[in-house]
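An overview of the molecular structure
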Amino acid sequence: MARWCYRHRLVVLVLWVGVLFGVGAVGTSAGSDYSNDFALPGTDSTRANELLEKARPGGAGDAGTVVWRVADGSVRDAGIRSRIEPALREIAGMNGIGVVSGPYADEPGAAARISEDGRTAYAEVAFAQRANAVPTELAEAVVDTARAAAGDGLRVEVGGQAIARIQQATGGTSELVGIAAAAVVLFLAFGSFFAMLLPIVVAVFGVGIGLFSTMLLSHGTGIPDLAPLLGSLVGLGVGIDYALFIVTRHRRALLHGEDPVTSVGVALNTAGRAVVFAGATVCIALAGMLVMNLRFLDGVVIATTLTVVLSVLAAVTLLPALLGFLGPRVLSRRQRRRLAEEGPERGATSGLAVRWSGQVQRRPKSLVALALVALTVLALPVLSLRLGATDQGNHPEGQTTRQAYDLLADGFGPGFNGPLVVVAEGAGPDAVRRLTARIEGDEGVARVAALPPAGGVSVVQIVPTTSPQSEDTDRLIDRLRDDHLPRAGVDGHVGGVTAVFKDFAEQTGERLPYFVAAIVGLGFVLLLIAFRSVLVPLTAAVMNLVAAAASFGVVVAVFQWGWGLELIGLDRSGPISAFLPVIMLSLLFGLSMDYQVFLVSRMHEEWMHTRDNARAVRVGLAETSRVINSAALIMICVFLAFVLSGDMEAVVAGAGLAVAVAVDAFILRTALVPALMHLLGRSNWWLPGWLDRRLPHLAVEGSEVPPGAAPKPGADGPATGGSAVHGFIRTVEGGPVAGAVVTLRSVDGGTLDRVRSLADGSYLLAAPAPGAYLLGVAEKGGAEHTRRVTTVDGPLVQDVELAEDGVEVH
């Protein structure tokens, strides 16, 4: 498939461009219909809202709030009324507005919309539609009309969900910042402008089609407005990373002398397979959210999974086509010039990676101790994790919704922004009076009012003394349900937005252990099949939990305790949104599996050839740490860029995932996991015989030799299966020769594999089949010395000695 896409690159590119612009045009014209549904069937707050709908049918539209405050005097002054009332009448006359209820109307309850000090007042604006369906133009017109009355000591702000939607960051600011940061990292890694562009273009195609498709799907299923933001966050991260892995493998093959079309086949047959497996693990981890049985999360699963699938598809089809357009220009000018002048590069793992790998092998106990101490310190705050919900009080201070929230809290009390309702069906007047009296006596209640019954449903409105995010408000809801309602003899239910979020948080907390068990179990099974080991997947599962605890510890310290919150442009801490742990755990486990696969697959390959655990861990770490760290750095840049999104949930998710990836890549995969594997020794690869016979075989990475490139059979017979040649390059005195170029060729001279010996002189070459080959060895700048070798069904051990004068001695 890779070679087909390479050769038919124009067709592939036209198809992808056509899909992007086609889906984009349809999605833009149709618009979006995102909806945030936190209700849970069977909960007390859901039942209360159902009864409210029965009492007030047709009141499905969302409400906004126009709030004004005077610096001096009173909002009742004629000068203030003459400026506010025309604005309210103009808003009431807009198409899409139902009723505007202000404090100056001659109706019951109007006077209650003015604060006790007379300096603050508000009007309720009833939209005809839900907030997600309110046209942007209408919401902007309401804000502009209301705020036009401000000035000369009069402040006017507008709140409400419909208004909050138009204040969300638009134009892809966070996405553009993330892409720019990733471009810098890619350019430093590749040294080539064209190579830097490839992963970004691939990611943009995957994310773009995913976002437009999510817009269309929102008309047929419930998708929250947070879903596309999370989809772009994940899609950009994995899209750039997956393309990075493939482009890196392609460039390495080119530098080893392969022609471009063969090189693309090699890259997709190796790194491409790993990308597909990694993408599948991310999708499986995301699908684990379905275990929670929370309607809100179903839309998140759809949006993020779709974007990941499209990113993988772009990496394995669009990327080979783009590589066909670039040809050798995927290399830097210096690399192309060196390749032309000096021939195929005799390159391998960098010295820093080899030295670090050696340090891990020499001091595994110290590294394990240091890593565990650091992770414990980071994870400690997670013990204080409190799930809840953010509201407009967490918006940036400059937004009008935040200003309206603060004005209402100052004028009417902190609980005014999160009123509660007690709803009862069939309750008599005496029972309602008893209930109202009991509630009035509660120290956590600022105001209480019983509304006239409607449709056989009685409603009691309650304003708490504390804010919606306060733990005291949660305790008030518990007292209403467990104490006041039973003692008053009323069969009622407690509702309101604050009660809905509390029930959502409790349900999430109760189901979270099952969710964690599901995704950890799935990850364990996948790694068990891939690496045929019990301890490797068990270690990975434990490490994933450690990384999750560390990242959530940082989230709690920053966003719940408020440590350093002002550094990211926020000024108010609060509980962590109840759905964020589920989303972050899904993404974290999926991404952690990616890094574990890339790291351990190389270790497993070395183990299968040498049965030397220390060598397998050392070589695997030395050869994969650089690409893992580069990929992680890109992920961190993309995730941190979403701090600029203006959406509180996206800010928390971006910061938390950035910390998680940093911990995973730079502490776990680079130090703790390999150090533990050194301590565990050969036990890493233990698998009961009965289980080994029953497990299916799964090849995470294919051969470096693409189909059709196998050597011609030699005199020893036809090729029937894969094999390998490995050993050590040493001096006559027995010292290791690092950096020697070792090449495996077919008997007719075709290059099959080429590596450079590591610091200990070791090398490993992949042979596509048993048979006769030519093994060439050359020190840097020296002539190559070749000898004939023959492999059989197993790996061939071939040690080589090189004399100082370059004469090869065996």
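Quick summary incoming for the structure in this document. Just so you know, these numbers come straight off a predicted model, no measurement behind them.

1. Thoughts on the pattern of salt bridges
Considering all chains together, one arrives at 20 salt bridges under this definition. Between Arg481 and Asp503 there is a salt bridge; the shortest N-O distance is 2.9 Å. Separated by 22 residues along the polypeptide, Arg481 in helix α17 (residues 471-487) and Asp503 in helix α18 (residues 497-531) bring together distant segments of the chain. We note that Arg481, like Asp503, is buried. Its salt-bridge partner being Asp692, residue Arg532 comes within 2.9 Å of it at the nearest N-O pair. Taken together, the residues Arg532 in the loop between α18 and α19 (535-560) and Asp692 in helix α23 (residues 689-694) connect sequence positions 160 residues apart. Looking at Arg532, the relative accessible area reads 14%, which means it is buried. By relative accessible area, Asp692 is classed as partly exposed at 34%. Three or more residues are tied together by salt bridges with common partners; here these are Asp44, Arg481 and Asp503.

2. Points about the sheet that holds strand β7 (residues 445-454)
Pairing is antiparallel across the open sheet formed by 4 strands, whose spatial order is β7-β8-β6-β9. This sheet does not close on itself; its edge strands, each paired only once, are β7 and β9 (492-495). Neighbour to neighbour, the strand axes of the sheet diverge by 20° on average, direction disregarded. Pairing analysis gives 7 bridges linking β7 to strand β8 (residues 457-464), with the strands arranged antiparallel. In the sheet register, Arg447 faces β8, and the bridge partner there is Val463. Here helix α3 (residues 44-55) sits on the sheet and contacts β6 (420-425), β7, β8 and β9; the angle it forms with β9, its principal contact strand, is near 100°.

3. Focus on helix α15 (residues 400-412)
Taking 1.5 Å per residue, 13 residues should reach 18 Å; α15 reaches 18 Å between its end C-alpha atoms and fits that length. α15 sits mainly inside the fold: 12 of its 13 residues count as buried. Listing the buried residues of α15 in full gives Thr400, Thr401, Arg402, Gln403, Ala404, Tyr405, Asp406, Leu407, Leu408, Ala409, Gly411 and Phe412. Against the buried residues of α15 lie β1 (63-70), β3 (120-127), α5 (136-147), β4 (154-160), α6 (161-167) and β7. Phi turns positive, to about 105°, at Gly413, one or two residues after α15.

4. Things to note about a nonpolar patch on the surface
A cluster of nonpolar residues, Val184, Phe187, Leu188, Phe193 and Phe194, forms a patch on the protein surface that exposes about 520 Å² of accessible area. Only α7 (173-190) and α8 (193-217) provide two or more residues apiece to the nonpolar patch. The element that contributes the greatest number of residues to the nonpolar patch is α7, accounting for 3 residues. Looking at the secondary structure, you find Val184 in helix α7. We classify Val184 as partly exposed; its relative accessible area is 49%.

5. Here's the deal with the environment of Pro770
With respect to the secondary-structure elements, Pro770 resides in the loop between β14 (762-767) and β15 (771-778). Between the C-alpha atom of Pro770 and that of Arg669, which follows or precedes it by 101 residues, the distance is 34 Å.

6. Things to note about the environment of Phe193
Assignment of secondary structure puts Phe193 in helix α8. Owing to a relative accessible area of 47%, Phe193 belongs among the partly exposed residues under this scheme.

7. A word on the sheet that holds β15
The strand order across the open sheet built from 4 strands is β13-β12-β15-β16, with neighbouring strands paired in antiparallel fashion. With one partner strand each, in any of the chains shown, β13 (751-756) and β16 (785-791) form the two edges of the open sheet. Adjacent strand axes in the sheet meet at a mean angle of 20°, parallel and antiparallel pairs treated alike. As paired strands, strand β12 (residues 741-745) and β13 are joined by 5 bridges and run antiparallel to one another. What sits directly across from Leu744, in β13, is Asp753.

Thresholds, definitions, all that
- Residues numbered from 1 in each chain as written.
- Predicted model: local features only at pLDDT ≥ 70, side-chain atom pairs only at ≥ 80, totals over all residues.
- Heavy atoms only, no water.
- Salt bridge = Lys/Arg side-chain N within 4 Å of Asp/Glu carboxyl O.
- Helix = DSSP H or I, 4+ residues; strand = E, 2+ residues; numbered from the N terminus.
- Buried < 20%, exposed > 50% of the residue type's maximum accessible area, 1.4 Å probe, protein only.
- Pairing = 2+ DSSP bridges.
- Axes fitted to C-alpha atoms, helices over the stretch in contact; angles between N-to-C directions.
- Contact = heavy atoms within 4.5 Å.
- Expected span 1.5 Å × (residues − 1).
- Patch = residues over 30% accessible without salt bridge, like charges linked within 9 Å, V, L, I, M, F, W, Y side chains within 5 Å.
- Areas by Shrake-Rupley, 256 points an atom, 1.4 Å probe, with all protein chains shown as cover.

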